Amino acid sequence: VQLQASGGGLVQAGGSLRLSCAASGFTFNNYAMGWFRQGPGKEREFVAAISWSNGRYADSVKGRFTISRNNVKNTVYLQMNSLKPDDTAVYYCAASRVLVTTPASYGYWGQGTLVTVSS
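Report follows, based on the coordinates. (Residues numbered from 1 in each chain as written. Predicted model: local features only at pLDDT ≥ 70, side-chain atom pairs only at ≥ 80, totals over all residues. Heavy atoms only, no water.)

Quick look at the state of the cysteines now. For the coordinates displayed, the defined rule picks out 1 disulfide. The residue that forms a disulfide with Cys21 is Cys93, at a sulfur-sulfur distance of 2.0 Å. Disulfide Cys21-Cys93: torsion about the S-S bond near 55°, hence right-handed. One end of the pair, Cys21, is in strand β3 (residues 17-24); the other, Cys93, is in strand β9 (residues 89-96), with 72 residues separating them in the sequence. For the pair Cys21 and Cys93, a shared accessibility class is recorded, and that class is buried. (Disulfide = S-S within 2.5 Å. Helix = DSSP H or I, 4+ residues; strand = E, 2+ residues; numbered from the N terminus. Buried < 20%, exposed > 50% of the residue type's maximum accessible area, 1.4 Å probe, protein only.)

Core analysis: the largest hydrophobic core is formed by 34 residues, its most contacted members being Trp35, Leu78, Met80 and Tyr91. Counting residues per element, the ones that place at least two in this core are β1 (2-6), β3, β4 (32-38), β5 (45-50), β7 (65-70), β8 (75-80), β9 and β11 (113-118). For Tyr91, the residues in contact, after removing those within four places along its chain, are Leu19, Trp35, Phe36, Arg37, Val47, Phe65, Leu78, Met80, Gly112, Thr113 and Val115. (Core = buried A, V, L, I, M, F, W, Y, C linked by side-chain atoms within 4.5 Å. Contact = heavy atoms within 4.5 Å.)

A few words now on the pairing of β5. Among the 6 residues in β5, 5 count as buried, and that is most of the element. Note: β4 against β5, 5 bridges, orientation antiparallel. Across the sheet, residue Arg37 finds its bridge partner in β5, namely Glu45. The hairpin formed by β4 and β5 contains 6 residues between the paired strands, and Gly41 there has a positive phi angle of roughly 70°. (Pairing = 2+ DSSP bridges.)

The next thing to look at is the environment of Ala48. Checked against the element boundaries, Ala48 lands in strand β5. Here Ala48 falls in the buried class, since its relative accessible area comes to 0%. Along the backbone, Ala48 and Arg37 are 11 residues apart, and their C-alpha atoms lie at a distance of 9.8 Å. With residues near it in sequence (within four places) discarded, Ala48 still touches Met33, Gly34, Trp35, Arg56, Tyr57, Ile67 and Leu78.

The next point concerns the sheet that holds β3. The strand order across the open sheet formed by 4 strands is β1-β3-β8-β7, and the pairing between neighbours is antiparallel. Both outer strands of the open sheet, β1 and β7, are each paired with one neighbouring strand and no more. For this sheet, the mean inter-axis angle between neighbouring strands, taken without regard to orientation, is 15°. Of the pairings in the sheet, the one linking β1 to β3 comprises 5 bridges and is antiparallel in character. Bridge pairing in β3 places Leu3 opposite Ala23. (Axes fitted to C-alpha atoms, helices over the stretch in contact; angles between N-to-C directions.)

Take a look at the structure:
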């Protein structure tokens, strides 16, 4: 199983980034996919998740971030707009058999990609 996250970088506040996570080694269509993040000195927190068609978002990113998936390319995306310095974190993609928000329910994890938002 491999989850390869990419797309992180340095962006100014108000800017946008799109993260991608390419999955392999499992039946992608059978899994919900999630994005989590861990900021400096903080615990890992839920950002967004998507099943076949339903999405869920943390309140802190609702209206700014959009999660989507391409089941042909086995890839999940996170479009991040109106970024704030508080969004600075390592972002991880993960796979779960059910659409949930708790990290412990996700069995597969990627390596993370760093997003830094400057003020």
